[in-house]
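# Notes for the structure review
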Amino acid sequence: MIHLVLVIALVFLLSIQTTFLRVIFPGNVVPDLILIVAVYSGIHLKKNRGIWLAALIGFLQDCLSGGLLGVNFLSKGLVGLFFCSIKDKIIVQGIIPIGFFMFATSLVDGMIYFVSMTSLMGGHFKSNFLFSSIILFGVCNAVIAPFLFYILDKIRQLLRRKFPSQVFESI
């Protein structure tokens, strides 16, 4: 049951990202809510569940986006791996650390996308792509991430109170 709820929530976030946020944010730069959830899962889930959930999130995004299959799986999986490995060494709480790590993660995610599209697909980008789109993408994610982290924390606390003996104790 928890897996079904998780998949429905991820599809809902992806649909918000691809429809509603495209109307609000001008241009081609839209915050990546799925990337923010991947970072959140890497930080807050126990053991290696953050890696697997982040990779699943990327795979789901690949399946629903219709683009090159595997790019988001790779980038979100690497994000989950990175944050699972550093979550015990660095405290990622508060607006500034979350914003900083989301900016850096967005740059890495954008570079993985850029390299995969230019090398595997033979796509061509404008010369100012790296300096405008990826940096604006990182800034948008850094601004949105603390708010989404706060909402995800509240949802996690609510689920722990409502279902204390369920699977949520491992989250």
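Nothing here was measured: the structure is a model prediction, and the numbers come from that model.

If you tally the helices and strands in the protein chain, you get six helices and zero strands. Along the chain direction, N to C, the helices and strands of the protein chain fall in the order α-α-α-α-α-α. Taking contacts inside the protein chain between residues at least 6 apart in sequence as the whole, the part at least 24 apart equals 65%. Within the structure as shown, the protein chain displays about 10,200 Å² of accessible surface, and the carbon and sulfur contribution to it stands at 72%.

Before going further, it helps to spend a moment on the confidence of the model for the protein chain. Low pLDDT means the predicted atomic positions in that stretch should not be read closely. With 84% of its residues at a pLDDT of 70 or more, the protein chain has an overall mean of 78. Between the elements of the protein chain, mean pLDDT differs from a low of 77, seen in helix α1 (residues 2–24), to a high of 84, seen in helix α2 (residues 33–44).

The subject of this paragraph is the side chain of Ser75. Within the fold, Ser75 resides in helix α4 (residues 71–86). Every residue in contact with Ser75, bar those within four places of it in the chain, is listed here: Asp109 and Ile112.

Let us now look at a positive patch on the surface. Taken together, Lys46, Lys47, Arg49 and Arg160 make up a surface patch of like positive charges. Residue position: Lys46 is located in the loop between α2 and α3 (49–65). Overall, the relative accessible area of 44% leaves Lys46 in the partly exposed class.

A few words now on the nonpolar core. The tendency in soluble globular proteins is for nonpolar side chains to be buried side by side. Grouped together as the largest cluster of nonpolar side chains are 33 residues, with contacts concentrated most on Val37, Val39, Phe83, Met102 and Phe149. Among the secondary structure elements, those contributing two or more residues to this core are α1, α2, α3, α4, α5 (95–119) and α6 (129–162). Phe149 has contacts with Ile36, Val39, Tyr40, Ile43, His44 and Ile98, leaving out every residue within four places of it along the chain.

It is worth spelling out the packing of α2 against α3 at this point. The angle between the axes and the distance between the axes are what describe a pair of packed helices. In the contact formed by α2 and α3, the axes pass within 8 Å of each other and the chain directions differ by 165 degrees. Overall, the two elements α2 and α3 adopt an arrangement that is roughly antiparallel. The handedness of the crossing between α2 and α3 comes out as right-handed. Touching Ile34, Val37, Ala38, Ser41 and Gly42 of α2 are Gly50, Leu53, Ala54, Ile57 and Gln61, all from α3. Its residues placed into classes, the contact of α2 with α3 shows six nonpolar, four polar and no charged.

Another point: a nonpolar patch on the surface. Side chains of Leu56, Phe59, Leu69 and Phe73 sit close together on the surface and give an oily, nonpolar patch of about 390 Å² of accessible area. Judged by its relative accessible area of 42%, Phe73 falls in the partly exposed class.

Another aspect to go through is α5. The end-to-end C-alpha separation of α5 is 36 Å, in line with the 36 Å expected for 25 residues at 1.5 Å each. Within α5 the residues assigned to the buried category are Ile98, Gly99, Phe101, Met102, Thr105, Ser106, Asp109, Gly110, Ile112, Phe114, Ser116 and Met117.

The next thing to look at is the pattern of salt bridges. If you walk through the whole model with that rule in mind, you get two salt bridges. In this structure, Asp32 and Lys76 form a salt bridge, with 3.3 Å as the shortest nitrogen-oxygen distance. Taken together, the residues span a long stretch of sequence, with Asp32 in the loop between α1 and α2 and Lys76 in helix α4 at a distance of 44 residues. Among the residues examined, Lys76 registers a relative accessible area of 0% and is labelled buried. Residues Asp109 and Lys76 are paired through a salt bridge, measuring 3.6 Å at the closest nitrogen-oxygen approach. Here Lys76 lies in helix α4 and Asp109 lies in helix α5, a separation of 33 residues in the sequence. What makes Asp109 buried here is its relative accessible area of 8%. One network of salt bridges, in which partners are shared, links Asp32, Lys76 and Asp109.

About the criteria used
- Residues numbered from 1 in each chain as written.
- Predicted model: local features only at pLDDT ≥ 70, side-chain atom pairs only at ≥ 80, totals over all residues.
- Heavy atoms only, no water.
- Helix = DSSP H or I, 4+ residues; strand = E, 2+ residues; numbered from the N terminus.
- Contact = heavy atoms within 4.5 Å.
- Areas by Shrake-Rupley, 256 points an atom, 1.4 Å probe, with all protein chains shown as cover.
- pLDDT = per-residue confidence, 0-100.
- Patch = residues over 30% accessible without salt bridge, like charges linked within 9 Å, V, L, I, M, F, W, Y side chains within 5 Å.
- Salt bridge = Lys/Arg side-chain N within 4 Å of Asp/Glu carboxyl O.
- Lys, Arg positive; Asp, Glu negative; His and termini not counted.
- Charge placed at Lys NZ, Arg CZ, Asp CG, Glu CD.
- Buried < 20%, exposed > 50% of the residue type's maximum accessible area, 1.4 Å probe, protein only.
- Core = buried A, V, L, I, M, F, W, Y, C linked by side-chain atoms within 4.5 Å.
- Axes fitted to C-alpha atoms, helices over the stretch in contact; angles between N-to-C directions.
- Parallel < 35°, antiparallel > 145°, perpendicular 65-115°, else oblique.
- Left-handed = near helix turned anticlockwise from the far one by under 90°.
- Nonpolar A, V, L, I, M, F, W, Y, C, P; charged D, E, K, R; others polar.
- Expected span 1.5 Å × (residues − 1).

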